[in-house]
Amino acid sequence: MASTSIRWGIIGAGIIAHKLAQAVQEDTDSELVAVASRTPEKAAAFAAEFNIDACDYETLVSRADIDVVYIATTHNFHHDNARLALEHNKSVLVEKPFTVNADQASALIELARARGVFLMEAIWTRFLPAQVNLKTQLDNGLIGDVRHLTFSFGAFVPPHYEKRLKDPNLAGGVTLDMGIYPLTFANFLLGERPETVKSMAEFGATGVDELAMYLLRYPSGATASISTSCSLKMKPEATIYGTQGYVEYPGFQQGNRFVHHRHDGSNEVLSSQPFEYSHHANGFVYQVAEVVGCLRAGQLESAVIPLEETRSMMQLMDGMRAEWDFRYPFE
């Protein structure tokens, strides 16, 4: 690809779209061109805020001056919106969760490969300096062999997110929206995918999962325990236990500081060392840079979030929902 700016279009004009738009405008190799929304008034207001064009979906994906489309609609529309962009040979970044289920994910992956265009799931936290460096430290033996991980991640949903998280027609529920963060983080830190998964969930008045627990066992023998909720205030933290120490990571989902506690295989902690990293105020800038780098290099997927990992994660969450006998009305 030429050295000119990577030109972005956005489908969806909600809160998450604003954050990505700001990140694109922060990136010196990117240009924000246009936005589309099912609600013309929202698209017009968004366009005025960012000094870009407002248009409908079909017009946006047909424009020759757009290289990549970011899908920022509600979960239930991810597949259809991404497919539209791919069918017009646009590179696509899809907000997590990638789709509602693995069948939809596979359809998009195969379409992108057939068309020879870039496709990636937007797990923005994967690119944060603290998470990247923690992975490096663990791979270098910071705590010996990693044996167990625990995650707690939950909060009462604020009013502006409540409809999206609790409406089954929008593919709501804590697993697709919040549980995906610790699930993908555990897989990332261990560098493998679980071979055994057990889970349970409690459902709210609207019929979606509002409290869930996942137990994972990996081929290496490592295990993970995850608790998540969109209707309960929980302490956001991760702890990674190894044979030679453990790491406490408060606010792991986007936190910039973790603490390493070293031991020699006994119960005595010999030393504790904090690690702190500088994070940009808008953490989306790192995933924007990843997309730009991939497109510049002519890559069709990210090595950091490969498409097979995305497909595997949708399969994992499908399996848990099957365990609960939970399907969305439109599935």
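Residues numbered from 1 in each chain as written. Predicted model: local features only at pLDDT ≥ 70, side-chain atom pairs only at ≥ 80, totals over all residues. Heavy atoms only, no water.

Q: When you look at the sheet that holds strand β1 (residues 6-11) in this model, what are you seeing that I'm missing?
A: The strands that make up a sheet pair up through hydrogen bonds in the backbone, lying either parallel or antiparallel. Sheet architecture is open: six strands sit in the order β3-β2-β1-β4-β5-β6, paired in parallel fashion. The open sheet is flanked by β3 (53-55) and β6 (119-122), the only strands paired with a single partner. Geometrically, the sheet is characterised by an average inter-axis angle of 25 degrees between neighbouring strands, direction not taken into account. Across four bridges, the pairing between β1 and strand β4 (residues 68-71) is parallel. The residue of β4 that forms the bridge with I10 is Y70. (Pairing = 2+ DSSP bridges. Helix = DSSP H or I, 4+ residues; strand = E, 2+ residues; numbered from the N terminus. Axes fitted to C-alpha atoms, helices over the stretch in contact; angles between N-to-C directions.)

Q: What is the right way to look at the packing of aromatic side chains in this model?
A: Aromatic ring pairs are defined here through the distance separating the ring centres and the angle between the ring planes. Under the criterion given, the structure shown has 17 aromatic pairs. Judged by centre distance (5.8 Å) and plane angle (35 degrees), the rings of Y241 and Y246 are tilted. According to the relative accessible area criterion, Y241 is partly exposed, its value standing at 35%. Looking at Y246, the relative accessible area reads 21%, which means it is partly exposed. Clustering of aromatic rings is evident, with ring pairs tying together F151, F153, Y181, F185, F188, Y249, F252, F258, F275 and Y277. Across the ring face of W124, the terminal group of K19 is positioned such that the distance to the ring centre comes to 4.4 Å. The ring of F326 carries the charged tip of R321 above its face, separated from the ring centre by 5.9 Å. (Phe/Tyr/Trp six-rings, centres within 6.5 Å; stacked < 30°, edge-to-face > 60°. Buried < 20%, exposed > 50% of the residue type's maximum accessible area, 1.4 Å probe, protein only. Lys NZ or Arg CZ within 6 Å of the ring centre and 35° of its normal.)

Q: Mind showing me how you'd approach helix α1 (residues 15-26) here?
A: The periodicity of an α-helix, 3.6 residues per turn, causes residues three or four positions apart to be oriented the same way. Look at α1: 17 Å from first C-alpha to last across twelve residues, which is about the 16 Å you get at 1.5 Å a residue. Listing the buried residues of α1 in full gives A17, L20, A21, A23 and V24. Projection of α1 onto a plane perpendicular to its axis shows the buried side chains occupying an angular sector of 165 degrees, all on one side. Lining the buried residues of α1 we find β1, β2 (30-36), α2 (40-50), β4, β5 (91-95) and α9 (284-296). (Expected span 1.5 Å × (residues − 1). Arc of directions from axis to C-beta. Contact = heavy atoms within 4.5 Å.)

Q: Looking at this structure, I do not really get the pattern of salt bridges. What am I missing?
A: Proximity of charged atoms lets side chains of opposite charge pair with each other. This model, assessed by the stated rule, comprises 21 salt bridges. Two residues, R296 and D29, come together in a salt bridge whose shortest N-O distance is 3.9 Å. Residue R296 is located in helix α9, and its partner D29 is located in the loop between α1 and β2; the two are separated by 267 residues in the primary sequence. Judged by relative accessible area, which is 26%, R296 ranks as partly exposed. The exposure class of D29 is partly exposed, given its relative accessible area of 35%. Residues joined by salt bridges that share partners form a network here, namely E110, R113, E301, E308 and R311. (Salt bridge = Lys/Arg side-chain N within 4 Å of Asp/Glu carboxyl O.)

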